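# Topology and contacts: notes
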Amino acid sequence: MDYSTIIILIVLSLILVYIILIYNNLVQLKHNVSKAWSNIDVLLKQRHDELPKLVETCKQYMGYEKSALEAIIEARSAVSHAQQDSDIKALGVAETQLRLGLGNLFALAESYPELKANQSFQHLQTRITGLEHDIADRREFYNESTNINNIRIEQFPDVLIAKIFGFKPFDLLEFSESDKADVNVSLLFQ
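The rules behind each value
Residues numbered from 1 in each chain as written. Predicted model: local features only at pLDDT ≥ 70, side-chain atom pairs only at ≥ 80, totals over all residues. Heavy atoms only, no water. UniProt positions renumbered as here; feature names shortened; annotations may be inferred. Helix = DSSP H or I, 4+ residues; strand = E, 2+ residues; numbered from the N terminus. Buried < 20%, exposed > 50% of the residue type's maximum accessible area, 1.4 Å probe, protein only. Polar contact = N/O pair within 3.5 Å; in protein donor to acceptor, adjacent residues only side chain to side chain. Core = buried A, V, L, I, M, F, W, Y, C linked by side-chain atoms within 4.5 Å. Contact = heavy atoms within 4.5 Å. Salt bridge = Lys/Arg side-chain N within 4 Å of Asp/Glu carboxyl O.

- An unreviewed UniProt entry lists the protein chain under the name LemA protein, from Nitrosomonas marina.
- Its UniProt record, at the heading Subcellular location (unreviewed entry), says of the protein chain: "Membrane".

### So, the UniProt feature "transmembrane region" (unreviewed entry) in the protein chain
- Listed under "transmembrane region" (unreviewed entry) in the UniProt record, and renumbered for this structure, are residues 6–26.
- Across residues 6–26 one finds 100% helix and 0% strand; the C-alpha atoms that close the span lie 30 Å apart.

### Describing the side chain of D158
- Its location among the elements puts D158 in helix α6 (residues 158–165).
- In this structure D158 comes out as buried when scored by relative accessible area, which is 5%.
- Engagement of the side chain of D158 in a polar contact is seen with the side chain of R152, the distance being 2.5 Å.

### Remarks on the nonpolar core
- Counting 29 residues, the largest nonpolar core has L51, L54, I72, L91, L98, L102 and Y142 as its most contacted members.
- Mapped by element, the contributors of at least two residues to this core are α1 (3–61), α2 (66–85), α3 (88–109) and α5 (119–152).
- Broken down by element, this core gets its largest block of residues, nine residues, from α1.
- If sequence neighbours within four positions are ignored, I72 has contacts with L51, V55, L98, G101, L102 and L105.
- Ranked by size, the runner-up nonpolar core spans seven residues in total, among them I22, L29, I153 and I161.

### Describing the pattern of salt bridges
- The final tally for this structure, using the stated rule, is five salt bridges.
- Put simply, E95 and R47 hold a salt bridge, and the shortest N to O gap is 2.3 Å. On the criterion of sequence distance, the pair formed by E95 in helix α3 and R47 in helix α1 is long-range, its members being 48 residues apart. Note on accessibility: E95 and R47 belong to one class, buried.
- The salt bridge involving E132 is made with R47; its shortest N-O contact spans 2.6 Å. Of this pair, E132 sits in helix α5 while R47 sits in helix α1, placing them 85 residues apart in sequence.

Following this line, the structure appears as structure tokens:
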């Protein structure tokens, strides 16, 4: 073998190793997005299981506040359907409705001293609030993982490998401006 053949083989080997590294990195990014979605899914299921207990506890004290409780049940159902369908856009809308419903419920609970003093309600309120914070953290992690994946599959030379092997972008979990606005709790008491 002459030197030019050896150099060509070394260059081709380096190119092959580089392509393998890019491919493996893109696979890892894809799986990070899937893992981030699974983390959200786990927390949504936990919240889904906790909400009926909270609603039942509140029903005992707030018999005539049906609309607040029904709004939470509807929103919980919408989140569940969006989650089952892996519909990121619908999940964003449903999550916002559920968050608003929970905010309304906790604000209404202020009017019921015996409910506020109830240990079951306090425990569930703390648990739901903790889950909401965890879900928000997981949404942020999901969007970050999605963003990194989407950027990498558009960058050169990764875009070439991504197209060859069919890597696709993921949707971000987004909320409209009205969905992100703070709840005006004082309006709930009018």
